[in-house]
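Structural characterization, general
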Amino acid sequence: MSQFWLMKSEPSECSIDDLAAAPAQSVPWIGVRNYQARNFMRDQMQPGDGVLFYHSSCPEPGIAGLAEVSRLAYVDASQFDPQSPYFDAKSKPEQPRWLHVDVKLRRKTRLLALNEMRQRPELASMRVLQPGNRLSITPVSPEEWQAVLALLG
DNA sequence: GCCAACGTTGGC
DNA sequence: GCCAACGTTGGC
């Protein structure tokens, strides 16, 4: 029984086109430094889970494609690299804090813009639309997933 | 660039 | 364990 997720990515870091151009159309979801988001990846995400690939912090925020989890969570090497923007001096190799899954493209879609999402009553329950939400990874219910698919056509 | 929301840190 | 200060997120 697979689950569904919405994952935010800044297009300047990794856009849907970057995902499409990546080897095997798969990218390591490195850099998550929030415990709730980490716990979703570590404790719940399974290969085959559906992912709404969301563009954030950009001129047109919204869902840009469909993807899936392609690898179980494993250690995020960037936390140990002092040169990396994701370096975490408090994380020790014998007890790594941060893990990540891999995400693989299913298909690029039309952009389902944030403002359109807000106008759709069937999406009103989505966590990403709740006021003050900042989580970069949020669970999506089967109903919400189906509603998004219907809107994407 | 602003600012509201909220997670994290650290002193007590 | 509380909570104020601070930093980050992310839409606008």
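Anything mentioned here points back to the structure above.
So, here is what we can say about the structure in this document. (Residues numbered from 1 in each chain as written. Chains lettered and ligands numbered in written order. Predicted model: local features only at pLDDT ≥ 70, side-chain atom pairs only at ≥ 80, totals over all residues. Heavy atoms only, no water.)

1. Some remarks on the layout of surface pockets
What counts, and what does not: With a 1 Å grid spanning the protein atoms alone, the term cavity applies to any set of points in which a 1.4 Å probe fits but cannot get out, the term pocket to an open set with protein on both sides within 12 Å along at least five of seven lines, and the term lining residue to any residue with an atom within 4 Å of a point. Grid points are joined across faces, edges and corners, and a volume is the space filled by probe spheres set on the points. Segments assigned H or I by DSSP are reported as helices when at least four residues long, segments assigned E as strands when at least two residues long, and all are numbered from the N terminus. Put simply, Ala, Val, Leu, Ile, Met, Phe, Trp, Tyr, Cys and Pro go in the nonpolar bin, Asp, Glu, Lys and Arg in the charged bin, and everything else, Gly too, in the polar bin.
Put simply, the largest pocket is a space of about 600 Å³. Around the largest pocket sit 19 residues that line it, and K8, S9, E10, W29 and I30 are the ones nearest its centre. Of all the secondary-structure elements, those providing two or more residues to the lining of the largest pocket are β1 (4-9), α1 (11-14) and β2 (26-28). Class assignment of the residues belonging to the lining of the largest pocket gives a composition of eight nonpolar, six polar and five charged.

2. Some thoughts on the pairing of strand β3 (residues 50-55)
Filter applied, for reference: For every residue, the accessible area obtained with a 1.4 Å probe (protein chains only) is divided by the maximum for its type, and the residue is called buried under 20%, exposed over 50%, and partly exposed between those limits. Paired strands, as defined in this entry, are two strands with at least two bridges between them according to DSSP.
Counting buried positions along β3 yields six of six residues, so the element is predominantly enclosed. With six bridges connecting them, β1 and β3 associate as parallel partners. Looking at β3, one finds that W5 is bridged to V51. Looking at chain direction, β3 and strand β4 (residues 62-75) are connected through six bridges and run antiparallel. Residue pairing in the sheet places V51 in a bridge with A67 of β4. Adjacent in sequence and paired antiparallel, β3 and β4 are bridged by six residues, among which S57 carries a positive phi angle near 50 degrees.

3. Overview of the sheet that holds β3
The condition that has to hold: In this description, a line fitted to the C-alpha atoms serves as the axis of each element, helices being fitted only across the stretch in contact, and the angle between N-to-C directions of two axes falls anywhere from 0 to 180 degrees. Contact definition: two residues touch when any of their heavy atoms are within 4.5 Å.
What the six strands build is an open sheet, ordered β2-β5-β4-β3-β1-β6; its pairing is mixed. Each edge of the open sheet carries a strand with a single partner, namely β2 and β6 (137-140). Along the sheet, successive strands turn relative to each other by an average axial angle of 35 degrees, direction set aside. In this structure, β2 lies alongside strand β5 (residues 99-113), joined through three bridges in antiparallel fashion. Along β5, the bridge assignment pairs V27 with V103. Against the sheet, helix α3 (residues 35-44) engages β1, β4, β5 and β6, with an angle of about 110 degrees to β5.

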